[in-house]
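As a plain string of letters, each chain reads:
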Amino acid sequence: MTNNGKACIAGAFEHPTRNAPDKSVAQLHAECAKGALEDAGLTKNDVDGYFCAGDAPGMGPLSMVDYLNLRVRHVDSTDTGGSSYLLHVAHAAEAIALGKCSVALITLAGRPRSEGMATGTAPRQGNPAQPDLQFEFPYGPTVVNMYAMCAMRHMYQYGTTSEQLAWIKVAASEHARHNPNAMLRDVVSVQDVIDSPVVASPLHRLDCCVISDGGGALVVVAPEVMKDLKRPRVKIIGAGEATKGQSGGDVDLTFSGARWSGPRAFAEAGVKPADIQYASIYDSFTITVLMQIEDLGFCAKGEGGRFVADGNLIAGVGKLPFNTDGGGLCNNHPANRGGMTKVIEAVRQLRGEAHTAVQVRNCALALAHGTGGVLGSRHGSATLIMERE
Amino acid sequence: MSVRKLPAPEANPETSPYWEAAKKGVLLLRRCTSCGRAHHYPRALCPFCFGDRLEWQAASGKGTIYSFSVMQRAPVPYTIAYVTLEEGPTMLTNIVDCDFAALSIGMNVRLVFKPTEGGGALPMFTPG
C-alpha cells in the first residue's frame, strides 16, 4: 500500500500575525484551526483526527484536544522539530487510508518573538537524560553554529561560496516583497547579505531566518470527504521521511536526510525532480536550502552553489521557483518551526492562489520538504509531493 | 577580556568513567570487542553492532578539524568544531588557545583540557 492518492489537503491557513504578545499559544493554535477548517468548508465537529508536535502546550496532543474540545478517534504527536508538520500530513494520509480518521486537523503555533527567545544564538539546555546532551551542551552548540559547520564543510569540499548562499536570500526577498504579511519585505542584494554581520562563520545575519510569532494549520481529508467540498483538489501522491544523526562518530555534514526521504517520496509519487513545478524548501538558513536541493536531486551533489546562483530560485526568472511566500528567510518562521508554512505555500501554488506576481502558471505538481532539529547533529527529514487534479 | 564559563557536563552511570578520566586529563573512547570499532559519544551498547562487551581506551589526543564555526554573536566568541580523532570517531568539541581566523578544515590539532564549573574538565583541541 502506498500514500499515493489516499488523501487530499482540503484546508490550509497561515496566521497573519508575526508578533502576538496579546495572544496565548493555545489561542493561536485555535485561531489557526478555525482558519483552516473555514478554508476547507468544514466545521470543528467534522474533525476526527488531530496532529500536533512539540510546540503544542501540554502532554502530547492531550491539552490541545481538550482546549479545542475535539472528539477524535486518532491522534499523533510525532515531533521531528520543524519538519513535523510535513510528516503529519503523510501520517494523516496513512491513517485516513487505514480508516482510522477521515478529517485530520494539524496545528502549529508559537510566540518566540514576543517571548524574546534567542532562537539561534543561545545554547539550549535540555533534559539531562538526553544521551547526547552532556557531550555537546558544554561546548556551546547553538542552532546557527551547528548549521554553520555544514556550510563550512560544504565550502571546503565543493567550493561553495558565501555569494552563492546569498542568492538564496535574494530570491526569498524577491518573493517576500509581494507578501503584505511578510516580516522582511525589502529586496536585498548578494552584497547586502555578505555585508551583514557574521553570526557564526561562515553564516551572516541575512543567511538566517526570521524569528516570528504565529502559526498555521492544515486539514487533510479522505477523497470521499473532498468530493463534497468546493476547494480545488490537492492530492497527496508521495511522502518520505528519514532521520540522520552522528552515526556513532561517523559524522558526515555534507548531506541531509533528504538524500533518503526524497527518493522515497519520488518513488511513491512516480515522478522525478525535473517534473516538479514549484518547491517549498525549508529555509532555516541559506545552507539548509542548498543542501536539500542537492539531496532531493534537483542538481548533483556539490552543484548546489551554482544551481541557486543568478536568480534560479526566483519565480518567473529561474528554473525552480521556491518559497514564493518569502519563506522562513523573509516571511515567517512561526514557533521556530517552518514545515507548516512550507506545505501552506505549496497548497496556494497548486490552487492558483499564490500572489499573482509569484504564481507558477498551471502549477499542478509541487514538492514541500523540511528539515527539523539540527542539521549539524541530528535532524528529521520529511518530503511531500502533491498534485492538483 | 572576560572568560567564557563552561557548564559542567551531567554524567550518569553509563558515562561517569569518561568524565572521571577527563578530570585526570585522559580522553576515553569506547571500543567494541565484537566488531572492533571505536565510537563516540560513549554508550554501553555498541552503536554499530549492539555488542555489549566494550572496552574503554585512551585516545592518543591527535586529530584533525573536520569542520568548525566561530560563534561571533556571543558574550565571548568561541569556536565549535567537529574533530576527527586518530582512532576514527569524530567528536563535537571546541578549538581553543589560538587565533580563530587562522583555523582551517584538515588542520592537525591536539588534545587539551579546560576546567568547567563544579570541578570537571572538558576535552578540547588546539592547533599543533
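Conventions and cut-offs
Residues numbered from 1 in each chain as written. Chains lettered and ligands numbered in written order. Predicted model: local features only at pLDDT ≥ 70, side-chain atom pairs only at ≥ 80, totals over all residues. Helix = DSSP H or I, 4+ residues; strand = E, 2+ residues; numbered from the N terminus. Rg over C-alpha atoms; globule rule 2.2 N^0.38 Å. Buried ≥ 20, exposed ≤ 12 C-beta atoms within 10 Å, placed from the backbone. Contact = placed C-beta atoms within 7 Å. pLDDT = per-residue confidence, 0-100. Nonpolar A, V, L, I, M, F, W, Y, C, P; charged D, E, K, R; others polar. Pairing = 2+ DSSP bridges. Axes fitted to C-alpha atoms, helices over the stretch in contact; angles between N-to-C directions. Core = buried A, V, L, I, M, F, W, Y, C linked by C-beta atoms within 7 Å. Parallel < 35°, antiparallel > 145°, perpendicular 65-115°, else oblique.

A few words on the overall build of chain A. A tally of helices and strands in chain A yields 13 helices and eleven strands. Since a compact globule built from 389 residues should have a radius of gyration of about 21 Å, the 19 Å found for chain A is in line with a globular shape. Counting only residues that meet the buried cut, chain A has 63% of its 389 residues in that class. Sequence-distant contacts in chain A: of pairs separated by 6 or more residues, those separated by 24 or more amount to 77%.

What follows concerns the confidence of the model for chain B. Regions with low pLDDT carry predicted coordinates that are not meant to be interpreted in detail. On average, residues of chain B score 96 in pLDDT, and 98% of them are at 70 or above. Interface confidence for the predicted complex, expressed as ipTM, amounts to 0.98; the pTM equals 0.97.

On to the interface of chain A and chain B, then. Counting from both sides, the interface comprises 26 residues of chain A and, opposite them, 32 residues of chain B. Contributions of two or more residues to the side of chain A that touches chain B are made by α4 (133–136), α5 (143–158) and β5 (198–200) of chain A. At six residues, the largest contribution of residues to the side of chain A that touches chain B is made by α5(A). A per-class count over the side of chain A that touches chain B returns 15 nonpolar, eight polar and three charged.

Time to look at the sheet that holds strand β4 (residues 103–110) of chain A. All names here are of chain A. Taking strand neighbours across the sheet as the criterion, the nine strands line up as β3-β2-β4-β7-β1-β8-β11-β10-β9 in an open arrangement whose pairing is mixed. Only two strands of the sheet have a single neighbouring strand rather than two, namely β3 (74–76) and β9 (278–281). With direction set aside, neighbouring strand axes in the sheet form an average angle of 20°. As paired strands, strand β2 (residues 49–51) and β4 are joined by three bridges and run parallel to one another. Residue pairing in the sheet places Phe51 in a bridge with Ile106 of β4.

This part covers the environment of Trp19(B). All names here are of chain B. Residue position: Trp19 is located in helix α1 (residues 16–23). For the pair formed by Trp19 and Asp52, sequence separation is 33 residues and the distance between their alpha carbons is 20 Å. Every residue in contact with Trp19, bar those within four places of it in the chain, is listed here: Pro9, Ala11 and Gly120.

With that settled, the discussion passes to the sheet that holds strand β1 (residues 28–32) of chain B. Strand order in the open sheet formed by three strands is β2-β1-β3 (chain B), and the pairing between neighbours is antiparallel. Of all the strands in the sheet, the pair left with one neighbour each is β2 (38–39) and β3 (54–58) of chain B.

The next point concerns the pairing of strand β7 (residues 214–221) of chain A. All names here are of chain A. Of all eight residues that make up β7, eight are buried, and the element is covered over most of its length. In β7, alternate side chains face the same way, and those of Gly214, Gly216, Leu218 and Val220 on one face and Gly215, Ala217, Val219 and Val221 on the other are all buried. Across six bridges, strand β1 (residues 8–14) lies against β7 in antiparallel orientation. Bridge pairing in β7 places Ile9 opposite Val220. Bridge analysis of β4 against β7 gives eight bridges, and the strand direction is antiparallel. By the bridge assignment for β7, Leu105 is matched with Val219.

What follows is about the nonpolar core. The biggest cluster of nonpolar side chains holds 161 residues, and the ones touching the most others in it are Ile9(A), Val89(A), Tyr147(A), Val219(A), Val220(A), Val343(A) and Leu384(A). Residue contacts for Val343(A): discarding those within four places in its chain leaves Tyr85(A), Leu86(A), Val89(A), Leu218(A), Ser280(A), Ala368(A) and Leu384(A).

With that settled, the discussion passes to unusual backbone geometry. Between Ser201(A) and the following residue, Pro202(A), the backbone shows a cis peptide bond with an omega angle of 5°. Here Pro202(A) shows up in the loop between β5 and β6 (203–204). His40(B) connects to Tyr41(B) through a cis peptide bond whose omega is -10°. Among the structural elements, Tyr41(B) can be located in the loop between β2 and β3. Its identity as a non-glycine residue notwithstanding, Ser247(A) has a phi of 55°, on the positive side. As for its placement among the helices and strands, Ser247(A) is situated in the loop between β8 (234–244) and α9 (258–269). Residue class for Ser247(A) comes out partly exposed when judged on the 14 C-beta atoms lying within 10 Å of it. We note that Ala335(A) has phi near 60°; this positive angle belongs to a residue other than glycine. Within the secondary structure, Ala335(A) sits in the loop between α12 (327–331) and α13 (339–351).

Here the focus is the packing of helix α6 (residues 162–176) of chain A against helix α10 (residues 286–295) of chain A. Residue and element names in this part refer to chain A. Between α6 and α10, the least distance of the axes is 9 Å, while the angle of their chain directions is 100°. Classed by the angle they form, the pair α6 and α10 counts as roughly perpendicular. The segment α6 lies against α10, with Leu165, Ala166, Ile168 and Lys169 engaging Thr286, Ile287, Val289 and Leu290. Residues that form the contact of α6 with α10 fall into these classes: six nonpolar, one polar and one charged.

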